[in-house]
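Okay, here's what each chain looks like letter by letter:
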Amino acid sequence: MRRTTLLSSVVLAALLLAGCGGIGGTGDLNYISGDGKVVEVHAADRGAPVDVSGTTVQGKSLNLDSMRGKVVVVNVWWSGCVPCRAEMPMLVDTEHSLAKGRDKGKVAFVGIDIRDAAAQTAAAFERDRGVDYPSLYDPASKTLLAFGKYAPYAPPATLVLDQQGRVADVINGPIPSQTTLTDVVDGLLGSGS
């Protein structure tokens, strides 16, 4: 009996560690499965702006209120998450292209590191991958509560906020492509909401 319990615990732990965002959805209970699909929140259903603030991995204060008027791409990650590591170069490239292109000054990127045991680990991960946008350091995942029913349950996850700071699009799981993310951002910039 004890051996079966131990084996069950080991298998469960391995499953949890194997997939950072591979848990399926739960029907119509407002959870979004980690399949990488874009879920659009219609403007009338977006609710209040999210209230997210904290300290970055570099030890600086950051409040998303300071980014109102911009479309904000919020990526939830962890340096030990294989899909997070795989999608980071695409996020960096997308941020660079939007920062230098026609949308300069209209889009901001922010990360939220939710699992690294030390801010130095997160900072080294960002340095190694050329990330130059800020990431909140939140190993307790408290900032995710501000996203309400859209709060991601595991990294990677990306939430795109409209210019009013409301959740407009959600991608739980790896972002399918740079084009997908650019289209989401362009859609919000084009609609002005």
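Remember, predicted model here, so these are calculated numbers, not experimental data. (Residues numbered from 1 in each chain as written. Predicted model: local features only at pLDDT ≥ 70, side-chain atom pairs only at ≥ 80, totals over all residues. Heavy atoms only, no water.)

Student: So, the overall build of the protein: which residues are in play, and what are the values?
Tutor: Along the protein, the regular secondary structure elements total 4 helices and 8 strands. Starting at the N terminus and ending at the C terminus, the protein contains elements arranged as α-β-β-β-β-α-β-α-β-β-β-α. In the protein, which comprises 193 residues, the proportion classed as buried is 44%. Within the protein, contacts between residues separated by at least 24 positions form 74% of all contacts whose residues are at least 6 apart in sequence. (Helix = DSSP H or I, 4+ residues; strand = E, 2+ residues; numbered from the N terminus. Buried < 20%, exposed > 50% of the residue type's maximum accessible area, 1.4 Å probe, protein only. Contact = heavy atoms within 4.5 Å.)

Student: Got a sec to walk through the packing of aromatic side chains? Specific residues and values, please.
Tutor: Inspection of the entire model under this criterion finds 2 aromatic pairs. With a centroid separation of 4.8 Å and 20 degrees between ring planes, the pair formed by Trp77 and Phe125 is classed as stacked. Here Trp77 is found in strand E4 (residues 71–77), whereas its partner Phe125 is found in helix H3 (residues 119–129), with 48 residues between them in sequence. Consider the rings of Phe109 and Tyr133, whose centres lie 5.6 Å apart with planes at 45 degrees: the pair is tilted. Of the two residues, Phe109 is situated in strand E5 (residues 107–113) and Tyr133 in the loop between H3 and strand E6 (135–137); the sequence distance between them amounts to 24 residues. When sorted by exposure, Phe109 lands in the same class as Tyr133, which is buried. (Phe/Tyr/Trp six-rings, centres within 6.5 Å; stacked < 30°, edge-to-face > 60°.)

Student: I'd like a rundown of the packing of helix H2 (residues 82–100) against helix H4 (residues 178–191), residues and numbers included.
Tutor: With their axes 10 Å apart at the nearest point, H2 and H4 run at an angle of 40 degrees to one another. Here H4 runs oblique to H2, going by the angle between their axes. The hand of the H2/H4 crossing is right-handed. Between H2 and H4, the residues in contact are Met90, Leu91, Asp93, Thr94, Ser97 and Leu98 and Gln178, Leu181, Thr182 and Val185, respectively. The class makeup of the residues in the contact of H2 with H4 is 5 nonpolar, 4 polar and 1 charged. (Axes fitted to C-alpha atoms, helices over the stretch in contact; angles between N-to-C directions. Parallel < 35°, antiparallel > 145°, perpendicular 65-115°, else oblique. Left-handed = near helix turned anticlockwise from the far one by under 90°. Nonpolar A, V, L, I, M, F, W, Y, C, P; charged D, E, K, R; others polar.)

Student: Go over the nonpolar core with me, naming the residues and quoting the values.
Tutor: Counting 27 residues, the largest nonpolar core has Val73, Met88, Leu91, Phe109, Val160, Leu181 and Val185 as the members making the most contacts within it. Among the elements of the structure, E4, H2, E5, H3, strand E8 (167–172) and H4 are those that each provide at least two residues to this core. The element that contributes the greatest number of residues to this core is H2, accounting for 6 residues. If we ignore the near neighbours within four places in the chain, the residues touching Met88 are Asn75, Trp77, Phe125, Arg129, Val131 and Tyr133. By size, the runner-up hydrophobic cluster in this structure holds 22 residues, among which are Val50, Val52, Ala108 and Val167. (Core = buried A, V, L, I, M, F, W, Y, C linked by side-chain atoms within 4.5 Å.)

Student: So, H4: which residues are in play, and what are the values?
Tutor: Here H4 contains 14 residues, and its C-alpha end-to-end distance of 20 Å stays within 8% of the 20 Å for a straight helix at 1.5 Å per residue. Burial in H4 covers these residues: Thr180, Leu181, Thr182, Val184, Val185 and Leu188. On its buried face, H4 sits against strand E1 (38–40), E4, H2, E5, strand E7 (157–161) and E8. (Expected span 1.5 Å × (residues − 1).)

Student: Before we move on, could you go through the pairing of E8 and cite the residues and values that matter?
Tutor: One face of the sheet, then the other: side chains in a regular strand alternate in exactly this way. Burial within E8 is extensive, with 6 of its 6 residues counted as buried. Bridge count for E1 against E8 is 3 bridges, and the pairing is antiparallel. Directly across from Val38, in E8, lies its bridge partner Ile171. (Pairing = 2+ DSSP bridges.)

Student: Can you explain the pattern of salt bridges? Please cite residues and give values.
Tutor: The final tally for this structure, using the stated rule, is 3 salt bridges. Here Asp162 makes a salt bridge to Arg46, at a shortest N to O gap of 2.9 Å. Pair noted here: Asp162 is in the loop between E7 and E8 and Arg46 is in the loop between E1 and strand E2 (53–55), with a separation of 116 residues, a long-range link. As far as the burial class goes, Asp162 and Arg46 line up, both buried. When the shortest N-O distance is used, the salt bridge between Asp162 and Arg166 registers 2.8 Å. Overall, the relative accessible area of 0% leaves Asp162 in the buried class. Take Arg166: its relative accessible area is 16%, and that puts it in the buried class. Because the salt bridges share partners, they merge into one network encompassing Arg46, Asp162 and Arg166. (Salt bridge = Lys/Arg side-chain N within 4 Å of Asp/Glu carboxyl O.)

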